[in-house]
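So you can see what is in the structure, the chains are spelled out below.
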Amino acid sequence: MAPKPTPAEVVNWSVAALTVLDKAASLIAKKYARKDMFTNPQATKDFLTYKMNQHDREVFAVMLLDNQHRLIEFRELFYGTIDAAPVYPREVVKLVLEKNAAAVIFAHNHPSGVSEPSAADRRITQRLKEALALVDVKVLDHIIVGETPVSFAERGLL
C-alpha cells in the first residue's frame, strides 16, 4: 500500500487524480451501502478520506443515513478557510428532515493534516447532536479527516 500523501501534495493533484479518488469513494459506498457499512468506523473513515482529503480548505459534510444506517446521501454543506468552517445547526436539521434521514455521520477535514479535535469541533458536535435529538435523529459519529482520520465515537467523545 502506497504511503498517504501529505496535505501539500493533495492540493496539487490533477483533475484526473481527483476523479479517481471520487470514483474510489463511490465504489466503497456501493460495495458496502447495503451491508451496514457505515456502522464500521474504519470503513467510514476510508470512505470519508477518499471524499474529503483533496480539499485545501475546511469543508464540513454530512452522511445522511436511513434507519438501517445505509447511505442516503453524502453532502458537503459548509466551506471555510484553511483552519475553520462555519457550521449552522439550522441548515443541518433542515437537510436531515428534507432527506428523511434517521441517523447522520458528520465529517470535516483539517487541511493541516493534524486530525486532533479542537474545542470548537467538540462544541459544534454537541450542538448538532442536541439539535438533531429534538427531531429523533441519531448522531453516530463525527470524523475529522487529516493524515490519520479521527473518530469521535471511537474516542468516546459523543
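Refer to the structure above for everything that follows.
Residues numbered from 1 in each chain as written. Predicted model: local features only at pLDDT ≥ 70, side-chain atom pairs only at ≥ 80, totals over all residues. Heavy atoms only, no water.

## A word on helix H5 (residues 119-133)
So the rule is basically this: By the criteria applied, helices consist of DSSP H or I runs no shorter than four residues and strands consist of E runs no shorter than two, each listed in order from the N terminus. Take the number of residues in a helix, subtract one, and multiply by 1.5 Å to get its expected span. Contact criterion: two residues are considered in contact whenever any of their non-hydrogen atoms come within 4.5 Å of each other.
Here H5 contains 15 residues, and its C-alpha end-to-end distance of 21 Å stays within 8% of the 21 Å for a straight helix at 1.5 Å per residue. Those residues of H5 that are buried lie in contact with strand E1 (59-65), helix H4 (89-99), strand E3 (103-109), strand E4 (138-145) and helix H6 (152-155).

## Here's the deal with the pairing of E4
Heads up, the rule is: Exposure classes here rest on a 1.4 Å probe applied to the protein chains alone. A residue is buried below 20% of its type maximum, exposed above 50%, and partly exposed in between. Pairing between strands requires that DSSP locate at least two bridges from one strand to the other. Handedness of a crossover is defined as follows: with both strands directed away from the viewer, a clockwise route from the first strand across the helix to the second makes it right-handed.
Across the eight residues that make up E4, a large majority, six, are buried. With seven bridges connecting them, E3 and E4 associate as parallel partners. Looking at the pairing, Ile105 lines up with Asp141 of E4. In this fold, the crossover linking E3 to E4 by way of H5 has right-handed handedness. Here two bridges tie E4 to strand E5 (residues 150-151), and the two strands are oriented antiparallel to one another.

## Quick look at the nonpolar core
Stated formally: Among buried residues, the Ala, Val, Leu, Ile, Met, Phe, Trp, Tyr and Cys ones that are joined through side-chain atoms within 4.5 Å form a nonpolar core.
If you look at the biggest cluster of nonpolar residues, it comprises 18 residues, and the most contacted ones within it are Val96, Val104, Phe106 and Leu132. Contact partners of Val104, with chain neighbours within four places excluded, come to Val62, Met63, Leu64, Leu65, Val96, Leu132, Val137, Lys138, Val139, Leu140 and Asp141. If you look at the next biggest cluster of nonpolar residues, it comprises 15 residues, including Ala25, Met52, Ala61 and Ala107.

## Observations concerning the sheet that holds E5
Stated precisely, the cut-off is as follows: Helix axes are fitted to C-alpha atoms over the stretch in contact, other axes to C-alpha atoms as well, and angles between N-to-C directions run from 0 to 180 degrees.
Across the sheet, five strands lie side by side as E2-E1-E3-E4-E5; this open sheet has mixed pairing. Edge strands, defined here as strands with exactly one partner in the open sheet, are strand E2 (71-79) and E5. Contacts between helix H3 (residues 41-52) and the sheet are confined to E1, E2, E3, E4 and E5, with E4 contributing the most and set at about 55 degrees to the helix. Together, E1, E2 and E3 form the strand contacts of H4, whose direction differs from that of E2 by roughly 160 degrees.

## Focus: the packing of H4 against H5
Operational definition: Should an angle fall under 35 degrees it is taken as roughly parallel, and over 145 as roughly antiparallel, whereas 65 to 115 is taken as roughly perpendicular and any remaining angle as oblique. By the definition used in this description, the sense in which the near helix is turned from the far one sets the handedness, with an anticlockwise turn below a right angle giving left-handed and a clockwise turn giving right-handed. Three classes are used, and their members are as follows: Ala, Val, Leu, Ile, Met, Phe, Trp, Tyr, Cys and Pro are nonpolar, Asp, Glu, Lys and Arg are charged, and the others, Gly among them, are polar.
Where H4 meets H5, the closest approach of the two axes is 10 Å, and the angle between their N-to-C directions is 45 degrees. Taken together, H4 and H5 sit at an angle that is classed as oblique. Considering only the axes of H4 and H5, their crossing is right-handed. Taking contact as the criterion, the partners of Pro89, Val92, Val93 and Val96 in H4 are, on H5, Ile124, Arg127, Leu128, Ala131 and Leu132. Its residues assigned to classes, the contact of H4 with H5 comprises eight nonpolar, no polar and one charged.

## Concerning the packing of aromatic side chains
We apply this condition: Note on ring pairs: Phe, Tyr and Trp rings are taken, using the six-membered ring of Trp, and paired if centres are within 6.5 Å. Classes follow the plane angle, with under 30 degrees stacked, over 60 edge-to-face and the rest tilted.
One pass over the structure, following the stated rule, counts four aromatic pairs. Seen from their ring centres, Phe47 and Phe74 are 5.8 Å apart, and the 85 degrees between their planes marks the pair as edge-to-face. You can see Phe47 sitting in helix H3 and its partner Phe74 sitting in strand E2, a full 27 residues away along the chain. Phe74 carries the same exposure label as Phe47, and that label is buried. One aromatic cluster is present, formed by Phe60, Phe78, Tyr88 and Phe106 through successive ring pairs.

## Structural notes on the pairing of E3
Where burial is concerned, most of E3 is hidden: seven out of the seven residues are buried. The alternating pattern of E3 places Ala103, Ile105, Ala107 and Asn109 on one face and Val104, Phe106 and His108 on the opposite face, and all of these are buried. Across six bridges, E1 lies against E3 in antiparallel orientation. Directly across from Ala61, in E3, lies its bridge partner Ala107.

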